[in-house]
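Residue-level listing of the chains:
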Amino acid sequence: MNGCICCTVRGDLVEALKRLRKRLATFKFDGVIIETTGLADPAPVAQTFFVDEVISEMYSLDSIITVADAKCILDRLHDEKPEGVENEAVEQVCFADKVLLNKTDLADEEKLAKIEKEIKALNPTTKILRCLHSKVDPKE
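What counts and what doesn't
Residues numbered from 1 in each chain as written. Predicted model: local features only at pLDDT ≥ 70, side-chain atom pairs only at ≥ 80, totals over all residues. Heavy atoms only, no water. Helix = DSSP H or I, 4+ residues; strand = E, 2+ residues; numbered from the N terminus. Expected span 1.5 Å × (residues − 1). Buried < 20%, exposed > 50% of the residue type's maximum accessible area, 1.4 Å probe, protein only. Arc of directions from axis to C-beta. Pairing = 2+ DSSP bridges.

Enquirer: Sorry, what's going on with helix H6 (residues 109-122) here?
Expert: Spacing of three or four residues puts side chains on the same side of an α-helix, whose turn is 3.6 residues. Its 14 residues place the ends of H6 20 Å apart at the C-alpha level, agreeing with the 20 Å of an ideal helix rising 1.5 Å per residue. For H6, every residue scored as buried is listed here: Leu-112, Ile-115 and Ile-119. The arc enclosing the buried residues of H6, seen along the axis, measures out at 60°, which places them on a common side. Exposed residues lying more than 90 degrees from the buried face of H6 are Glu-110, Lys-117 and Ala-121.

Take a look at the structure:
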């Protein structure tokens, strides 16, 4: 199969969303959660909800949530990548409407403040929620 994995997966995502809607036509569901790996570029998944006409009529994108590990996120944000290769952690923070700053028990207040400052420098509009075990109020 040709093409990048993100585009290949997006095609699969489109088909899965269409099948889900057809199978559950008589059942009202509140939403669909799509979880990607830590290495995923969020752009192709997000674009699915705008580019594909059928999907954009069936679904709306509510938010993009990134989970950041307080112990190692600073290292990931500063990872040096070869020319032409994007830093996935930076991409995910930049796309996120919300960042769950997880494992906050593994960092002191000074480090947490530094992390939040760096996240806000990359994405000033994102909401940062500190948490343990990724537990947050669903209404957040």
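Enquirer: Please explain the pairing of strand S1 (residues 65-69) as it appears in this structure.
Expert: Only one face of S1 is buried: it carries Thr-66 and Ala-68, and the other face, with Ile-65, Val-67 and Asp-69, is open. Across five bridges, the pairing between S1 and strand S2 (residues 98-102) is parallel. In the sheet register, Asp-69 faces S2, and the bridge partner there is Asn-102.

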